[in-house]
Amino acid sequence: MRVEIQTATTLVLKIGSSLLLSQTEDDTYGLNVKWLAAMAGDIADARTKGQKVIVVTSGALALGCAKLGIQRQDLNVAQSQAASATGQIELVRGWQEALGAHGLTAAQVLLTAEDTEQRRRYLNARQTLNALLDVGAIPIINENDTLATQELRYGDNDRLAARVAAMVSADCLVLFSDIDGLYTANPQDTDTAEFLDVVEDVTAEIRAMAGPSGSQHGSGGMVTKLQAGEIAQSAGCHMVLASGRAFSPLTALAQGARSTLFRAHANPLTARKNWIASTLQPAGAAHLDAGAVRALAAGNSLLPVGIQSLDGNFKRGDCLSIIAPDGQEIARGLSAYASLEAGLIIGKDSKAIAALPDVKQYNLERTEMVHRDDMVLMTSPNGELK
Ligand code: GLU
């Protein structure tokens, strides 16, 4: 039993291709509907407990090949992108039906590497995912294989899932594949291979256990799973590597099936704030009035009304230096608006903003200028808003 899974507020589940495909009666491969139905039952249980659930699912390419009767290894890039397009609708329909049987609503989200790496698009993707979670939907995510360019793609959903987990500040990511965890060597060919229960840090020694890419099970191999572990850990998210072979794999874990835990290094919010405080060069500045300084100190987001002036030419998602009336930098945070739009709304309350002629064109009614989760107070030693 992994308490990290049981107590997570937001759970990201990554499902590997091999779990989703099975041999059908006419000897072709197709969606493993029974497995999917059992997995949906586990997700419904998690929702009943009040957990938010995001699914990152592989299988588009494999299902597309099965549907078209072609072999994966024979395809060039354009052909495999085309096959993925065919498989993706099958895959999502499968999830929609399986979750629908429990009264749950599935929502398809296709992401590219850029959506999770560029801050502006990252904010957009996060906003959509949070809106879906708020209405109780289950985001069903895959990489946009049909559009992702060769140079700019993940190619494996392990790292994509870890980025998604970081993006939504999830507390736990579970990678379900056909291996039950990390071993000191490949258990298939090494008798002395030992199972690891917990990995605190992905060190060079741990990396050496994975061997070269693709040497263990799963499409991304153990290498991308360890990379996912590193991304998750530093984002303050636990990662559990577990077998999804059994029906209802979350239930199996709750009943004691073994797994490897990659323990998070901090909590998600602290990790995010460390990232903002330490790595970003401010692209601009917001000068506040005294009321806004008090509001920030009380733990609130920065609203346009409390900003007297702005410096710099910044884009949505860029880091702003937040300055008190005495000229002290009191915080840093990611701007929800580009400088052009921000210039239209600073000093105005929500009523005045709603009355602006350009309000619809520029989508000016998103309330915060900097959300509290995207802001770190410089005066607080651990970067937390008090
Ligand atoms: N996006 C790929 C697919 O759905 C899967 C990548 C992976 O196997 O991790 O076919």
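Details of the structure are given in the entry above.
Caption draft 1: Inspection of the overall build of the protein chain at higher detail. The secondary structure content of the protein chain amounts to 15 helices and 17 strands. A globule of 386 residues ought to have a C-alpha radius of gyration of about 21 Å, and the protein chain, at 23 Å, matches this closely. In terms of overall dimensions, the protein chain has a C-alpha envelope of 70 × 45 × 40 Å along the principal axes. In the protein chain, which comprises 386 residues, the proportion classed as buried is 52%. Put simply, 72% of the contacts in the protein chain that link residues at least 6 apart link residues at least 24 apart. If you sum the accessible surface of the protein chain, you get close to 17300 Å²; carbon and sulfur atoms cover 50% of it. Across the protein chain, the 33 positively charged side chains and the 42 negatively charged ones have centroids separated by 5 Å.

Caption draft 2: Layout of the sheet that holds strand S11 (residues 238-243). A sheet is described by the order of its strands in space; here 8 strands give the open sequence S5-S6-S4-S1-S7-S11-S12-S10, paired in mixed fashion. The open sheet has two edge strands, strand S5 (106-111) and strand S10 (198-199), and neither has a second partner.

Caption draft 3: Geometry of helix H10 (residues 221-234). With 14 residues, H10 should reach 20 Å at 1.5 Å per residue; the first-to-last C-alpha distance of 21 Å fits that figure. Buried within H10 we find Gly221, Met222, Thr224, Lys225, Leu226, Ala228, Gly229, Ile231, Ala232 and Gln233. Trailing H10 by a residue or two, Gly236 shows a phi angle of about 80°, which is positive.

Caption draft 4: A look at the side chain of Ser321. Relative to the assigned elements, Ser321 resides in strand S15 (residues 319-323). Given the relative accessible area of 9%, Ser321 is considered buried. Side-chain polar atoms of Ser321 contact the side chain of Glu329, separated by 2.6 Å.

Caption draft 5: Focus on the sheet that holds S15. Read across the open sheet, the 5 strands follow the order S14-S13-S15-S16-S17; overall the sheet is mixed. Because the sheet does not close on itself, it has two edges, and the strands there are strand S14 (307-311) and strand S17 (375-377). Between one strand axis and the next, the sheet turns through 20° on average, direction left out of account. With 3 bridges connecting them, strand S16 (residues 329-334) and S17 associate as antiparallel partners. Bridge pairing in S17 places Gly333 opposite Met375.

Caption draft 6: Layout of the environment of Gly221. With respect to the helices and strands, Gly221 occurs in helix H10. Taking the C-alpha atoms as reference, Gly221 lies 43 Å from Asn300; in sequence the two are 79 residues apart.

Caption draft 7: Inspection of the layout of surface pockets at higher detail. Taken as a whole, the largest pocket spans an internal volume of roughly 620 Å³. As for the largest pocket, its lining consists of 24 residues, and the residues nearest its centre are Arg126, Gln127, Asn130, His371 and Asp373. The element contributing the most residues to the lining of the largest pocket is helix H7 (residues 119-134), with 6 residues.

Rules used throughout
- Residues numbered from 1 in each chain as written.
- Predicted model: local features only at pLDDT ≥ 70, side-chain atom pairs only at ≥ 80, totals over all residues.
- Heavy atoms only, no water.
- Helix = DSSP H or I, 4+ residues; strand = E, 2+ residues; numbered from the N terminus.
- Rg over C-alpha atoms; globule rule 2.2 N^0.38 Å.
- Buried < 20%, exposed > 50% of the residue type's maximum accessible area, 1.4 Å probe, protein only.
- Contact = heavy atoms within 4.5 Å.
- Areas by Shrake-Rupley, 256 points an atom, 1.4 Å probe, with all protein chains shown as cover.
- Lys, Arg positive; Asp, Glu negative; His and termini not counted.
- Charge placed at Lys NZ, Arg CZ, Asp CG, Glu CD.
- Pairing = 2+ DSSP bridges.
- Expected span 1.5 Å × (residues − 1).
- Polar contact = N/O pair within 3.5 Å; in protein donor to acceptor, adjacent residues only side chain to side chain.
- Axes fitted to C-alpha atoms, helices over the stretch in contact; angles between N-to-C directions.
- 1 Å grid on protein atoms, 1.4 Å probe; cavity = no way out; pocket = protein on both sides within 12 Å on 5 of 7 lines; lining within 4 Å.
- Points joined across faces, edges and corners; volume = space filled by probe spheres on them.

Purely spatial values, then, with no claim about function.
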